[in-house]
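The primary structure of each chain is shown beneath.
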Number of protein chains: 2
Amino acid sequence: MHLTKPTSTFISLTTIPMNPLNPEEFRKQGHLMIDFLADYYHQIHKYPVRSQVLPGYLQKIIPESAPCSPEPFETILQDVQNKIIPGITHWQSPNFFAYFPSSGSTAGLLGEMLSTGFNIVGFNWMSSPAATELENIVVDWVGQILRLPESFLFSGGGGGVLQGTTCEAIICTLVAARDQKLSQYGMEIIGSLVVYCSDQTHSALKKAAKIVGVNPKNIRSIKTSKASDFQLLPGPLNHAISTDLRDGLIPLYLCLTIGTTSSTAVDPVGLLSEVAKNYEIWVHVDAAYAGSACICPEFQHFLDGVENVNSFSLNAHKWFLTTLDCCCLWVKDPTALTKALSTNPEYLKNHATESNRVIDYKDWQLMLSRRFRALKLWFVLRSYGVDNLRNFIRGHVEMAKNLERLVVMDKRFEVVVPRLFSLVCFRVSPSAVGQKSGEDVNEINRKLLESMNGSGRVYMSHAVLEGVFMIRFAVGATLTNMRHVSVAWKVVQEHADALLR
Amino acid sequence: MHLTKPTSTFISLTTIPMNPLNPEEFRKQGHLMIDFLADYYHQIHKYPVRSQVLPGYLQKIIPESAPCSPEPFETILQDVQNKIIPGITHWQSPNFFAYFPSSGSTAGLLGEMLSTGFNIVGFNWMSSPAATELENIVVDWVGQILRLPESFLFSGGGGGVLQGTTCEAIICTLVAARDQKLSQYGMEIIGSLVVYCSDQTHSALKKAAKIVGVNPKNIRSIKTSKASDFQLLPGPLNHAISTDLRDGLIPLYLCLTIGTTSSTAVDPVGLLSEVAKNYEIWVHVDAAYAGSACICPEFQHFLDGVENVNSFSLNAHKWFLTTLDCCCLWVKDPTALTKALSTNPEYLKNHATESNRVIDYKDWQLMLSRRFRALKLWFVLRSYGVDNLRNFIRGHVEMAKNLERLVVMDKRFEVVVPRLFSLVCFRVSPSAVGQKSGEDVNEINRKLLESMNGSGRVYMSHAVLEGVFMIRFAVGATLTNMRHVSVAWKVVQEHADALLR
């Protein structure tokens, strides 16, 4: 028996000099922080959207080591203003049109703040029952709004989980699918497993496939083309699968996308899942961005066929007013996930788990620890209501439609791919620059984009499709209204004027 | 060319009925939320520490579907008070002694709040330079405080990254190690890779190994024993590795722990990394909980030998006043990570990345999107200062020492394993219950724990070591002081009185 020898007196506890969670200090500083953020939102349109700092700027103005003694909260906030904000790219700016939006909202922010305040670690039901149960409820709520088939809801034998990002959702479902095949065929066939996607699928899929041990040679990135709007088509998929089967390989997983990153293309879920069904392939639908639009009846048809897939995910932090990070993942067969991802260490054993009457979300995700993400989604749904959320999405789509009209009206520009949601992909057209070579036209558009972003007045990003460099204008920042879109278009025109002069 | 046909007039934008990021509404509701949380901290000791609800409690009191129309913020907050708080296990309660702490603080909370407010998506340098650069700086700061070898710091050619949890850190380093071996020996040897740990290693390791495609049969969970304080010893490790080599297997990865979950055992990093060095094994040190203590000179010797390992991680959200989630991971060879985890999609290409003068953290982690976690760690370090942080840790250790004395003074109890940090593992001793069988003694301790936790006055958890069920009393909640520890011990004694009467 190893025991520390007791001494006769207690050790004095004079070494605790502070209470780092003093409620009144929290209240005082918390109010300062709220005011700081409210002022930030008031000012945000004045900052350069894309940060204009150079690499290494911060090291020059921050001490080389942590302070030994405390610094006042006000000093730190001042440093945030003077040193951090210049290095921030303002994703909440109304003039942010790059990538896809990271749509914050008061409700999302305050829900997140509450989750941070509780600071619970909800790995299983027992560790904080409300965290698990509210998550069960809100993922069913969102599933209902999307009119996902009952089979994806807890009420129908499936279920959902809030993960951080789509990357996690894909790794989890890939592992679930992989372990089904490995238990069927044996561990040694891991090198024969094949994953299918299109050349438009998010890079997360390839990375996830590598992470879970799929041979990079067995990732089929099937070519799409402008002729079919960059959709993955059943023919080429079927051909790829047949070829692999002929070669003795084992089809594992197919990732479809509703709203690809480059151009928001939508893979035909119904047709493709029909193909996959013949081969016992796990089909995942990544609707990270455009899934949110599918809460509107007019977009719901993009989900046709989803009843045939295994899993479906959507990032509520992209276009659903919920702050980063919040990826909703639904699966039809939760046991496929839990078989692959369960752990049962002694120190977490408890009656509730053993009763099988609760869900332990640690077995639905990669990580053990998890934050109480359901709060922010619950706050968003209740604070705005489904009707407003639909109209909010529609507002962005209408702004994008208007932008598209502006593009078309200026003969120097062209819309490169059809707009489906709130992303407009455009470029200076070859005819405007005297039919130069493709690479020359690309170079002009590259310069145009860099010149606009360098001005700090707007931030847009780019993609290249079939060799064509195009500027991506993604409407979706929460503060954006049509006035910002109109001004942004004027910025485009002014910079084009200078460049094409 | 697919173009949406322009119509002559713009679509009206009357469908945007709200501004979900109105600064003044944010200010008003934000202040309410701060007051709500400050009041929560004032009241927190009055709530049952472990939630006392039954499975399914929430479904009965929450509507079956999301509301169509907005609900007032005040109504939602009232529901948090009446419906959510009863289902929360109060990790911030001063009477929370279960698992390991989730130590919040004003600075950590407000840093997180600021990060939520900016709501940037810092996948690469360009997407928000400050997020990357501040992270570079603070991980070096923490590395310096720990006196990690220069080789783990950016200033010395290594570097650190803030991940969500240790689980992620382990998956990332495992993939890095795996891909080194696969590129050396070929993809087909994946089934021959072997991972080493002890039977005390966190379950995250086994789960991670399975996720990255290591054959579960090739996870060596080497037995430890009470005789050697549940440390992994070099002899058994060497034996396991030699056996595997003889069997044609390929040693891949060794996970050592500083502060195991069951009893805070510390593996001898120096001796074990010497063994691993002979076999080109990637050595990771998981110091999730006890790493924080190593900022104090008196605990720093536990890191001896860390200069020989490949990677080291610590959860700042456990015992470093930084809210969940915040795992610091340092590696000596960042290119091992980036080779395994890099993606380079066209839509993220930018000059800064191409200049090789910046870090793109997306290539150091599983996920693409990432929050601005460095802010909260920076706030904590500056708001409290290194001296106070050390003293704060020491305060918890002293409380645990005092508790240990209380245990020893009551002859009915025994300390089961030596206390090293702020966790005391104790039980009702066999002698106190008439030398019953081991299982009977376990049952009494199980009942004691359940009876205490059921009272709501304290929350502790348990572990089983060599068949001995012990109660884990982890000091570390931010609000805990010696008075709470003394009262908690009285709760133990009262419940033991009732049980042993």
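Residues numbered from 1 in each chain as written. Chains lettered and ligands numbered in written order. Predicted model: local features only at pLDDT ≥ 70, side-chain atom pairs only at ≥ 80, totals over all residues. Heavy atoms only, no water.

As recorded in an unreviewed UniProt entry, chain A goes by Tyrosine decarboxylase and comes from Daucus carota subsp. sativus. If you open the UniProt record of chain A and go to Cofactor (unreviewed entry), you find "pyridoxal 5'-phosphate". Among the UniProt annotations of chain A, the heading Sequence similarities (unreviewed entry) holds the following wording: "Belongs to the group II decarboxylase family." (UniProt positions renumbered as here; feature names shortened; annotations may be inferred.)

Before going further, it helps to spend a moment on the overall build of chain A. The helix and strand tally for chain A stands at 14 helices and 11 strands. In summary, chain A has a C-alpha radius of gyration of 25 Å against a globular reference of 23 Å for 501 residues, a match within 12%. Its C-alpha atoms put chain A at 95 × 60 × 45 Å along the principal axes. Burial analysis of chain A (501 residues in total) assigns 68% to the buried set. Here the analysis covers contacts within chain A between residues at least 6 apart in sequence; of these, 75% occur between residues at least 24 apart. Roughly 16100 Å² of accessible area belongs to chain A as shown, and the carbon and sulfur atoms make up 53% of that amount. (Helix = DSSP H or I, 4+ residues; strand = E, 2+ residues; numbered from the N terminus. Rg over C-alpha atoms; globule rule 2.2 N^0.38 Å. Buried < 20%, exposed > 50% of the residue type's maximum accessible area, 1.4 Å probe, protein only. Contact = heavy atoms within 4.5 Å. Areas by Shrake-Rupley, 256 points an atom, 1.4 Å probe, with all protein chains shown as cover.)

Here the focus is the layout of surface pockets. All names here are of chain A. Volume-wise, the largest pocket comes out at about 780 Å³. Of all the secondary-structure elements, those providing two or more residues to the lining of the largest pocket are α4 (129-145) and α11 (351-354). When grouped by side-chain class, the residues that make up the lining of the largest pocket number 12 nonpolar, 14 polar and 9 charged. (1 Å grid on protein atoms, 1.4 Å probe; cavity = no way out; pocket = protein on both sides within 12 Å on 5 of 7 lines; lining within 4 Å. Points joined across faces, edges and corners; volume = space filled by probe spheres on them. Nonpolar A, V, L, I, M, F, W, Y, C, P; charged D, E, K, R; others polar.)

Of the transformation superimposing chain A on chain B, the axial component is 0.0 Å and the angular component is 180°, with the fit at an RMSD of 0.0 Å. Read as a symmetry element, the transformation amounts to a two-fold axis. Identified as the residue of chain A closest to the rotation axis by C-alpha distance is Val212(A), at 2.2 Å. Comparing interface residues between copies, 100% of those in chain A also lie at the interface in chain B; the contact surface is shared. (Least-squares fit on C-alpha atoms with pLDDT ≥ 70 in both.)

Residue and element names in this part refer to chain B. Following both chains from N to C, one finds helix α3 (residues 106-118) and helix α12 (residues 374-409) inclined at 145°, their axes separated by 7 Å at the closest point. Relative to α12, α3 is oriented so that their crossing is right-handed. Across the interface between the two elements, Thr 106, Ala 107, Gly 108, Leu 110, Gly 111, Glu 112, Leu 114, Ser 115 and Phe 118 of α3 pack against Leu 375, Lys 376, Phe 379, Val 380, Ser 383 and Tyr 384 of α12. Among the residues forming the contact of α3 with α12, the class breakdown is 8 nonpolar, 5 polar and 2 charged. (Axes fitted to C-alpha atoms, helices over the stretch in contact; angles between N-to-C directions. Left-handed = near helix turned anticlockwise from the far one by under 90°.)

Residues and elements named next belong to chain A. Spatial strand order, β1-β7-β6-β5-β4-β2-β3: 7 strands in an open sheet with mixed pairing. Strands at the two margins of the open sheet, each flanked by one partner only, are β1 (159-163) and β3 (219-222). Mean inter-strand twist for the sheet, computed between neighbouring axes without regard to direction, equals 20°. Of the strand pairs in this sheet, strand β4 (residues 250-257) and strand β5 (residues 282-286) are connected by 5 bridges, and their pairing is parallel. Following the sheet pairing, Leu 256 is matched in β5 by Val 285. Each of β1 and β7 (327-331) touches α4; the most contacted strand, β1, lies at about 105° to it. (Pairing = 2+ DSSP bridges.)

Residues and elements named next belong to chain A. For chain A, the assigned domains are domain 1 (61-104 + 388-501) and domain 2 (121-371). Centre-to-centre, using C-alpha coordinates, domain 1 lies 30 Å away from domain 2. The interface of domain 1 with domain 2 comprises 27 residues on the first partner and 32 residues on the second. Summed over both partners, the interface of domain 1 with domain 2 buries about 2600 Å², with 67% contributed by carbon and sulfur atoms. It is Phe 100, Ile 393 and Phe 421 that lose the most area in domain 1 upon contact with domain 2, and together they represent 28% of the buried surface on that side. Inspection of the domain 1/domain 2 interface yields 1 salt bridge. Of the charged contacts, one joins Glu 298 and Arg 394 as a salt bridge, the two residues approaching to 2.6 Å between their closest N and O atoms. (Domains from an automatic or database assignment. Buried area = accessible area lost by both parts, 1.4 Å probe. Salt bridge = Lys/Arg side-chain N within 4 Å of Asp/Glu carboxyl O.)

To continue, consider the packing of helix α3 (residues 106-118) of chain A against α3(B). The geometry of α3(A) relative to α3(B) is characterised by a closest axis approach of 10 Å and an angle of 155° between their N-to-C directions. Classified by the angle between their axes, α3(A) and α3(B) sit roughly antiparallel to one another. Of the two elements, α3(A) crosses α3(B), and the hand of that crossing is right-handed. In this structure, α3(A) uses Leu109(A), Glu112(A), Met113(A), Thr116(A) and Gly117(A) to contact α3(B), whose residues at the interface are Leu109(B), Glu112(B), Met113(B), Thr116(B) and Gly117(B). Taken together, the residues of the contact of α3(A) with α3(B) sort by class into 4 nonpolar, 4 polar and 2 charged. (Parallel < 35°, antiparallel > 145°, perpendicular 65-115°, else oblique.)

Backbone torsion omega between Leu324(A) and Asp325(A) reads 0°, so that peptide bond is classified as cis. If you trace the backbone, Asp325(A) turns up in the loop between α9 (316-319) and β7. Although it is not a glycine, Asp229(B) adopts a positive phi angle of roughly 55°. Here Asp229(B) lies in the loop between β3 (219-222) and α7 (234-246). Assessed through its relative accessible area of 25%, Asp229(B) is described here as partly exposed. Even without being glycine, Glu466(B) reaches a positive phi, approximately 45°. Assignment of secondary structure puts Glu466(B) in the loop between β10 (461-465) and β11 (468-474).

Here the focus is the UniProt feature "modified residue: N6-(pyridoxal phosphate)lysine" (unreviewed entry) in chain A. Under the present numbering, the feature "modified residue: N6-(pyridoxal phosphate)lysine" (unreviewed entry) in UniProt falls on Lys318(A). Lys318(A) has contacts with Phe100(A), Pro101(A), Ser102(A), Ser103(A), Ala288(A) and Tyr289(A), leaving out every residue within four places of it along the chain.

With 186 residues of chain A at the interface, the matching set in chain B holds 186 residues. Roughly 16800 Å² of surface becomes buried between chain A and chain B when both sides are summed, with 67% attributable to carbon and sulfur atoms. It is Phe26(A), Tyr347(A) and Arg382(A) that lose the most area in chain A upon contact with chain B, and together they represent 5% of the buried surface on that side. Where chain A touches chain B, the interface holds 8 salt bridges. At 24 residues, helix α12 (residues 374-409) of chain A tops the list of elements feeding residues into the side of chain A that touches chain B. Among the residues forming the side of chain A that touches chain B, the class breakdown is 97 nonpolar, 52 polar and 37 charged.

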